[in-house]
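Single-letter residue listing:
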Amino acid sequence: MAERNRPPFEQFFNNFPNGNKGKQEQEPASVDWSDLITEVSKTWKSISPIVKPMMDKFKK
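Residues numbered from 1 in each chain as written. Predicted model: local features only at pLDDT ≥ 70, side-chain atom pairs only at ≥ 80, totals over all residues. Heavy atoms only, no water.

Undergrad: Whenever I open this one, the overall build of the protein confuses me. Can you help?
TA: Secondary structure assignment for the protein yields 2 helices and 0 strands. Out of the 60 residues in the protein, the part that is buried amounts to 10%. Carbon and sulfur atoms form 56% of the exposed surface of the protein, whose accessible area is close to 6100 Å². (Helix = DSSP H or I, 4+ residues; strand = E, 2+ residues; numbered from the N terminus. Buried < 20%, exposed > 50% of the residue type's maximum accessible area, 1.4 Å probe, protein only. Areas by Shrake-Rupley, 256 points an atom, 1.4 Å probe, with all protein chains shown as cover.)

In structure tokens form, the structure reads like this:
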């Protein structure tokens, strides 16, 4: 079975420690910020038609 291609933002948020104080702190893996920004941009383009009208209502 092929490995699922995960978006960069999932990889970024999975690098945070779970809050277990008994474990040694590990240095988080480096994040490719350009890929993260690209994913955020794609996500915003897909949800903006839904969110933008609601934001405009609250501005008034």
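Undergrad: I tried to follow helix α2 (residues 33-59) on my own but got confused; where do I start?
TA: An α-helix turns once every 3.6 residues. As a result, residues three or four positions apart point the same way. Helix length check: α2 (27 residues) gives 31 Å between terminal C-alpha atoms against 39 Å at 1.5 Å per residue, more than 12% under. The largest bend along α2 measures about 65° and falls at Ser48, with the proline Pro49 one to four residues further on. Taken together, the buried positions of α2 are occupied by Leu36, Glu39 and Ser48. (Expected span 1.5 Å × (residues − 1). Bend = angle between axes of the 7 residues up to and from the residue.)

Undergrad: I keep staring at a nonpolar patch on the surface and nothing clicks. Help me out?
TA: A cluster of nonpolar side chains, contributed by Trp44, Ile47 and Met55, occupies part of the molecular surface with about 270 Å² of accessible area. In this structure, Met55 sits in helix α2. (Patch = residues over 30% accessible without salt bridge, like charges linked within 9 Å, V, L, I, M, F, W, Y side chains within 5 Å. Salt bridge = Lys/Arg side-chain N within 4 Å of Asp/Glu carboxyl O.)

Undergrad: It is not clear to me how the environment of Thr43 should be interpreted in this structure. Could you clarify?
TA: Take Thr43: it is sitting in helix α2. Look at Thr43 and you get partly exposed, because its relative accessible area is 35%. Within the local environment of Thr43, its side chain forms a polar contact with the backbone oxygen of Glu39, the two atoms lying 2.8 Å apart. (Polar contact = N/O pair within 3.5 Å; in protein donor to acceptor, adjacent residues only side chain to side chain.)

The values are spatial; any link to function lies outside them.
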